[in-house]
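Architecture and fold: a report
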Amino acid sequence: MSVPLSQEDARALKSLLSWWGDLGVEAPPVERAARPAAPASPPPASAPQAPTASASAARAAGFAASDAGEDGRALAAKAGTLEELRDALDGFEGCALRATASNLVFSRGNPAADVMIVGEAPGREEDEQGKPFVGRSGKLLDRMLAAIGLDESNAYITNIVNWRPPGNRKPTDAEIEACRPFVERHIALVDPKVLVLAGGISAQALLRAKTGIMSLRGRWTEYRVKDAEGNEVKSIPALPIFHPAFLLRRPQEKAKAWRDMLSLQEKLESAREDAS
């Protein structure tokens, strides 16, 4: 049997839970001081269940009508512009995360920029606003980019997964695979000079790597770009870095992150010189 909290204790606990929420930890709502319970009205006997809820439950249970990976690849391949790619994602039902998310989170920044940053998955603020990296970790990312002269006018930001996993948990392998064709097409359409992979999930998924971010970060490698038919057409220099959320938890790693930013700045300058 739960014990109701006083109003003062409830306010203190709510503040603590809000702080936890910023770190990606969710908890049940705070129970307030006891109040007289209003009698519950029974639902109409003939109230039908929404078919969308049933369909979402079937997808979550793995009973999709067709192969989500195949559907995703076909939809992504048809997209010839970023607007078409966003529309394809909007109509894609092969990832169960869309059933629990508030918004599709596609991108922010300048798609004509030289640098494209790919993170992991949206959090609470991103889900609310429909934009990637707008919460605490996003503000840190903005400060990191600003330190080397980058902002929304000359950088482009997206994620591996386009819908928020419940409770800010890590996306599953199945969720990543469902969204992979879209992020791969996203990179091909933007065609940046330099690619930054923020976090282990992003780096491992796009580089097909088995090692963790502690080994991958700060080491330049090549990302292989494929066309709509799946043929390799070019490579892009790619730099795995720590995810800003990790740096919020481990500020002692910021010195390494700064070295990575300086390496990114040098690579961008070199790429621009080569293009001129």
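Residues numbered from 1 in each chain as written. Predicted model: local features only at pLDDT ≥ 70, side-chain atom pairs only at ≥ 80, totals over all residues. Heavy atoms only, no water.

Per an unreviewed UniProt entry, the chain carries the name Type-4 uracil-DNA glycosylase and comes from Marinicauda salina. According to the UniProt record, the Sequence similarities (unreviewed entry) comment for the chain reads "Belongs to the uracil-DNA glycosylase (UDG) superfamily. Type 4 (UDGa) family." Word for word, the UniProt comment on the chain under Catalytic activity (unreviewed entry) is "Hydrolyzes single-stranded DNA or mismatched double-stranded DNA and polynucleotides, releasing free uracil." (UniProt positions renumbered as here; feature names shortened; annotations may be inferred.)

A word on the nonpolar core. In this structure, Ile117, Val118, Trp163, Leu195 and Leu264 are the most contacted members of the largest nonpolar core, which totals 62 residues. The leading source of residues in this core is helix 7 (residues 173–190), at eight residues. (Core = buried A, V, L, I, M, F, W, Y, C linked by side-chain atoms within 4.5 Å. Buried < 20%, exposed > 50% of the residue type's maximum accessible area, 1.4 Å probe, protein only. Helix = DSSP H or I, 4+ residues; strand = E, 2+ residues; numbered from the N terminus.)

Of note in the backbone geometry, asparagine 168 takes a positive phi value of approximately 60 degrees without being a glycine. Its location among the elements puts asparagine 168 in the loop between strand 3 (155–159) and helix 7. Even without being glycine, arginine 208 reaches a positive phi, approximately 55 degrees. The class for arginine 208 is exposed, based on a relative accessible area of 53%.

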